Amino acid sequence: MVRLTIDGREVEVEEHTTILDAARTAGVNIPTLCYLRDINEIGSCRVCAVEVEGIDQLVASCNNYVLDGMVVRTNSPKARAARKVNVELLLSRHKTACTSCVRSGNCTLQELANDLNIYYLDYAEHVPFVHWDKTYPLIRENHKCIDCMRCVQVCDKVQASRIWDATSRSTHRTVNVVGGRSFDDVDCTYCGQCITHCPTGALRERDDTERVFRALADPNVTTIVQVAPSVRTSWGDEFGLGADEGSLGRLVSALRPMGFDYIVNTDFSADLTIMEEGTELLAHMAREGDKDAAERLPMFTSCCPGWVRFVKAHYPQLVDHVSTSKSPQQMFGAVVKSYYADLLGLDPHGIFSVSIMPCVAKKAEADIECMNDACGDPDVDAVLTVREVTRMIRAEHVCVDALEPSAFDEPLGMGTGAGIIFGATGGVMEAALRTAHHIVTGRSPEEDMFERVRGLEGWKEATFDLAGTSVRVAVASGLANAKRLCDAVLAGRASYDFVEVMACPGGCVGGGGQPIREGEERAGERGQVLYGLDKIAQYRNSYENPSIVRCYEEYFGAPMSKRAEELLHTDQHAWQMPGERGLGPLA
């Protein structure tokens, strides 16, 4: 243990503790900007610099360890003055049009400037500008970048994608696409983790709110909106609502005065995905069972478009083993413009299909030209992140505090516990295994039989018995973990029958379209909300959903039927990543 003094307080901490962590242990707040624990601890912004007795220069507290007897002053006149100058210099290279920035009010740089009482700038402004195509699902506004390197490190270390890098040197240094390439030419997965870890508004999703507002205002258009499972865990954050207050029912009530004609539940199509994917899994295992053990490969889930983009870019040899089942978003889009349109007597060409997702990659997925199986138009016309829909609610002056919960529109409003847990890592796997167990045994699984695939561990594995057949499964979240898993499978170091991958750490609850909370990772607590709702759900298994039963009886016939193949499945080779065109990321 090491004893030191921080701002007059005696503190005892373990060896190899940073000054920053020691201060936090003592309840002393040292501001940070570029710092991300275990990811970006480079001390480049110098905002966390403190004064240490006996050392002339200030010391970055995020990456310097405590010493016995050390005396630290975190907010001395010297430290405060340097911190203020550093932030002023950053502001001189930052477009400070805060009132028109998507992160205004939720920006670490803005908060620091306010805390440091910066109300004028003495330094000449030099704001770099790099043109960016605003039609991309992910937008980079370089004139708001402060070169903190967070996006570079998250993309490299957490997501194993290496899309961003520092270009040029010295005062000309800036963060941009790796190698100075066009964004068109790199294999971005659109996971959005760079957005949620950016301290400013330099990175954001494409804003599709105006397109949706126009559709809502058009009397000749029928607007149908679906809401993803994990949205219920987070939309209320923006309005100060807790998990119980920010229910899906209250969100439905918030969407109604905005003018949506029908509000439906993506839990329904999550159940539909499980019916298709669970059936597909059993067929896959039968095929692979005829091969030598060394040649067998697992079936990978396909509900996460960020993962699908990643596997196509980095592991093309595995694409044929990715499920052909569409994601719940795209299944719902196809159902809305076919089965649902028939039920309602609507012209599918007059439907504007919207989805509310915790995800940026869903925007890219909806834009894929071949996702138009229902009527030739895009199955999903617009995708809104959680951040976007909360901005729309505010723009419509909806008072969420005064709302009573209301129900989804039927028959596509019913979901099960299996559909709910889709939003958490391991949830897709558990939901599929529940259905596969029922298909094989004719019985419902025991309660919580598949709990071993739950939790935030980046790579989990388990073996389950399905009527005498051992099913080896693995679950990965975060693309760096997916990379390790794929490498192990291809090298023969790991062998599975079924693998679930979610691009974002923790699953959709930690998605790139979720509300941003500086320094907080909320995937764990949001996932627990979903599992809690699963426990009390009226129906816990996808095959029990009355709406699913009706849908197959009236329209699809059975999972993997000819019509189901046409509308609910896709060819994963029907579109290309830049790398497939010979334009992949630099080695």
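From a predicted model like this one, the values you see are computed outputs, not experimental measurements.

Enquirer: How would you sum up the packing of helix H6 (residues 209-217) against helix H12 (residues 386-395)? Please name residues and give values.
Expert: Relative to each other, H6 and H12 sit at 50 degrees, their axes nearing to 10 Å. In terms of their interaxial angle, H6 and H12 are classed as oblique. In terms of crossing hand, the pair formed by H6 and H12 is right-handed. Two secondary-structure elements touch here, H6 through Thr209, Val212, Phe213 and Leu216 and H12 through Glu388, Met392 and Ala395.

Enquirer: With reference to specific residues and values, describe the sheet that holds strand E5 (residues 71-73).
Expert: Pairing is mixed in the open sheet, where five strands are placed in the order E2-E1-E5-E3-E4. Looking at which strands have only one partner, the edges of the open sheet turn out to be strand E2 (9-13) and strand E4 (59-60). Against the sheet, helix H2 (residues 77-92) engages strand E3 (49-52) and E5, with an angle of about 160 degrees to E3.

Enquirer: Residues and numbers for the domain arrangement of the chain, please.
Expert: Domain boundaries assigned for the chain yield domain 1 (2-91) and domain 2 (93-205). Just the C-alpha atoms count here: the centres of domain 1 and domain 2 sit 25 Å apart. With 20 residues of domain 1 at the contact, the number on the domain 2 side is 24 residues. Both faces combined, the contact of domain 1 with domain 2 buries some 2,000 Å², and carbon together with sulfur accounts for 70% of it. For the domain 1 face of the interface with domain 2, the top three residues by lost area are Leu33, Ile39 and Leu91, together amounting to 36%. Counting across the interface, domain 1 meets domain 2 through zero salt bridges. Across the contact surface, domain 1 and domain 2 share nine residue pairs in polar contact (both at pLDDT 80 or more). The class makeup of the residues in the side of domain 1 that touches domain 2 is 13 nonpolar, three polar and four charged.

Enquirer: So, unusual backbone geometry: which residues are in play, and what are the values?
Expert: Between glutamate 410 and proline 411 the backbone carries a cis peptide bond, its omega angle lying at 10 degrees. Along the polypeptide, proline 411 turns up in the loop between H12 and helix H13 (417-420). If you check the backbone angles, aspartate 7 has positive phi at about 50 degrees while not being a glycine. Among the structural elements, aspartate 7 can be located in the loop between strand E1 (2-6) and E2. Here aspartate 7 falls in the partly exposed class, since its relative accessible area comes to 34%. A positive phi angle is found at histidine 16, which is not glycine, with a value near 60 degrees. If you trace the backbone, histidine 16 turns up in the loop between E2 and helix H1 (19-25).

Enquirer: Could you give me a rundown of the side chain of arginine 387, with the residues and numbers involved?
Expert: On the secondary structure map, arginine 387 appears in helix H12. Side chain to side chain, arginine 387 and glutamate 205 meet in a polar contact 3.1 Å long. Excluding anything up to four places from it in sequence, arginine 387 contacts Ile195, Thr196, Glu205, Val360, Gly512, Gly513, Gln514, Pro515 and Ile516.

Enquirer: Could you give an account of the packing of aromatic side chains, naming the residues involved and the relevant values?
Expert: Applying the stated criterion across every chain yields a total of 16 aromatic pairs. Residues tryptophan 164 and phenylalanine 183 carry aromatic rings whose centres are separated by 5.8 Å and whose planes lie at 10 degrees to one another, so their mutual orientation is stacked. One end of the pair, tryptophan 164, is in strand E7 (residues 164-167); the other, phenylalanine 183, is in the loop between strand E8 (174-177) and helix H5 (193-196), and 19 residues separate them in sequence. Phenylalanine 183 matches tryptophan 164 in its accessibility class, with the two residues each being buried. Directly above the aromatic system of tryptophan 164 lies the positively charged group of arginine 140, at a separation of 5.1 Å from the ring centroid.

Enquirer: Go over the UniProt feature "domain: 4Fe-4S His(Cys)3-ligated-type" (unreviewed entry) in the chain with me, naming the residues and quoting the values.
Expert: When the UniProt feature table is mapped onto this chain numbering, "domain: 4Fe-4S His(Cys)3-ligated-type" (unreviewed entry) sits at residues 78-117. Its end C-alpha atoms 16 Å apart, residues 78-117 is made of 57% helix and 0% strand.

Enquirer: Account for helix H7 (residues 248-255), with residues named and values stated.
Expert: Counting buried residues along H7, eight of its eight residues qualify, which places the element largely inside the surrounding structure. Turning to H7, its buried residues number three or more, namely Leu248, Gly249, Arg250, Leu251, Val252, Ser253, Ala254 and Leu255. Structurally, H7 contributes buried residues whose contacts are with strand E10 (222-227), strand E11 (262-265), strand E13 (351-357) and H12.

Enquirer: Before we move on, could you go through the sheet that holds strand E16 (residues 469-477) and cite the residues and values that matter?
Expert: Paired through their backbone hydrogen bonds, the strands of a sheet run either parallel or antiparallel. Reading across the sheet, the four strands line up as E12-E17-E16-E15 and stay open at both edges, with mixed pairing between neighbours. At either end of the open sheet lies a strand with only one pairing partner, and these are strand E12 (299-300) and strand E15 (459-466). Relative to strand E17 (residues 498-502), E16 runs parallel, the two being bridged by five bridges. Along E17, the bridge assignment pairs valine 475 with glutamate 500.

Reading the values: rules and limits
- Residues numbered from 1 in each chain as written.
- Predicted model: local features only at pLDDT ≥ 70, side-chain atom pairs only at ≥ 80, totals over all residues.
- Heavy atoms only, no water.
- Axes fitted to C-alpha atoms, helices over the stretch in contact; angles between N-to-C directions.
- Helix = DSSP H or I, 4+ residues; strand = E, 2+ residues; numbered from the N terminus.
- Parallel < 35°, antiparallel > 145°, perpendicular 65-115°, else oblique.
- Left-handed = near helix turned anticlockwise from the far one by under 90°.
- Contact = heavy atoms within 4.5 Å.
- Pairing = 2+ DSSP bridges.
- Domains from an automatic or database assignment.
- Buried area = accessible area lost by both parts, 1.4 Å probe.
- Salt bridge = Lys/Arg side-chain N within 4 Å of Asp/Glu carboxyl O.
- Polar contact = N/O pair within 3.5 Å; in protein donor to acceptor, adjacent residues only side chain to side chain.
- Nonpolar A, V, L, I, M, F, W, Y, C, P; charged D, E, K, R; others polar.
- Buried < 20%, exposed > 50% of the residue type's maximum accessible area, 1.4 Å probe, protein only.
- Phe/Tyr/Trp six-rings, centres within 6.5 Å; stacked < 30°, edge-to-face > 60°.
- Lys NZ or Arg CZ within 6 Å of the ring centre and 35° of its normal.
- UniProt positions renumbered as here; feature names shortened; annotations may be inferred.

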